[in-house]
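Residue-level listing of the chains:
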Amino acid sequence: DGQVKLWDLRSMQECQSFRGGHVHSAQRMRCRLSSCLRYLGVPSEDGSVCVYDVRNGQVLGTKHCHRDACVAVDLQPRSGSMVSCGFDGMVQFFRAPSTGAGRGGGGGIREPRQR
């Protein structure tokens, strides 16, 4: 159905559903919750990465970064960075945009750094 669903395992009830920012039909993909439990990084079969706000399910940013399906996302809380990998064999590194007044804010996803 192309959705990512967040479940409460204690009550076995769905807490939030995320859709609209990513494509998912067949591939097994690995999403990642941020350590503060506020953001969800989701890979997409169209080669992009999507970041959702867990509280309201809104898309915070999407970045096309792979030529083939993106299959995994990981978040690094200390540096505010994100890593994605895809079937194109590339690993992409992203940093949160700086606002000039410290960390966070700003929204969006910076251009990937290739290694």
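Note that this is a predicted model, so its numbers are computed, not measured.

Conventions used here
- Residues numbered from 1 in each chain as written.
- Predicted model: local features only at pLDDT ≥ 70, side-chain atom pairs only at ≥ 80, totals over all residues.
- Heavy atoms only, no water.
- Helix = DSSP H or I, 4+ residues; strand = E, 2+ residues; numbered from the N terminus.
- Contact = heavy atoms within 4.5 Å.
- Polar contact = N/O pair within 3.5 Å; in protein donor to acceptor, adjacent residues only side chain to side chain.
- Pairing = 2+ DSSP bridges.
- Disulfide = S-S within 2.5 Å.
- Buried < 20%, exposed > 50% of the residue type's maximum accessible area, 1.4 Å probe, protein only.
- Phe/Tyr/Trp six-rings, centres within 6.5 Å; stacked < 30°, edge-to-face > 60°.
- Lys, Arg positive; Asp, Glu negative; His and termini not counted.
- Salt bridge = Lys/Arg side-chain N within 4 Å of Asp/Glu carboxyl O.
- pLDDT = per-residue confidence, 0-100.

A. Expanded view of the environment of Gln16. Looking at where Gln16 falls in the secondary structure, it is placed in strand β2 (residues 13-18). Separated by 38 residues in the primary sequence, Gln16 and Val54 have C-alpha atoms spaced 7.4 Å apart. If near-sequence neighbours (up to four positions away) are discounted, Gln16 is found in contact with Val4, Lys5, Leu6, Val54, Arg55, Asn56 and Gly57. Here the side chain of Gln16 touches Arg55 through a polar contact of 3.3 Å, landing on its backbone oxygen.

B. Seen up close, the pairing of β2. Pairing of strand β1 (residues 4-8) with β2, which is carried by five bridges, proceeds in the antiparallel orientation. When the bridges of β2 are listed, Asp8 appears paired with Gln13.

C. Representation of the state of the cysteines within the structure. Enumeration over the complete set of coordinates arrives at zero disulfides. Lacking any disulfide linkage, Cys65 is separated from the closest cysteine sulfur, that of Cys70, by 5.2 Å. Its relative accessible area of 0% is what places Cys70 among the buried residues.

D. A look at the sheet that holds strand β3 (residues 32-33). A sheet is described by the order of its strands in space; here four strands give the open sequence β3-β4-β5-β6, paired in antiparallel fashion. Each end of this open sheet is capped by a strand with a single partner; those strands are β3 and β6 (59-64).

E. Looking closely at the packing of aromatic side chains. Using the criterion set out here, one finds one aromatic pair in the structure. Ring centres of Phe18 and Tyr52 lie 5.3 Å apart, and the angle between their planes is 50°; this geometry places the pair in the tilted category. Of this pair, Phe18 sits in strand β2 while Tyr52 sits in strand β5 (residues 48-53); the two residues are 34 residues apart in sequence, bridging distant segments of the chain. Owing to a relative accessible area of 1%, Phe18 belongs among the buried residues under this scheme.

F. Geometry of unusual backbone geometry. Within the chain, Met12 stands out as a residue other than glycine whose phi angle is a positive 55°. Summarising the element assignment, Met12 is placed in the loop between β1 and β2. According to the relative accessible area criterion, Met12 is exposed, its value standing at 56%. Here Leu37, not a glycine, exhibits a phi torsion of approximately 60°, which is positive. Note on placement: Leu37 falls in the loop between β3 and β4 (39-43).

G. Highlighting the side chain of Asp88. One can find Asp88 in the loop between β8 (81-86) and β9 (91-95). It is Arg67 that comes nearest to the buried, bridge-free Asp88 among opposite-charge side chains, at 4.8 Å. A polar atom in the side chain of Asp88 sits 3.2 Å from the side chain of His66. Those residues within four positions of Asp88 in sequence are excluded, and the remaining contacts are His66, Arg67 and Asp68.

H. Representation of the confidence of the model for the protein in the model. Averaged over every residue, the pLDDT of the protein is 80; residues scoring 70 or more account for 80%. Under a pLDDT of 50 for its full length, residues 99-107 has, in the predicted model, nine contacts with residues more than four places off or in other chains.

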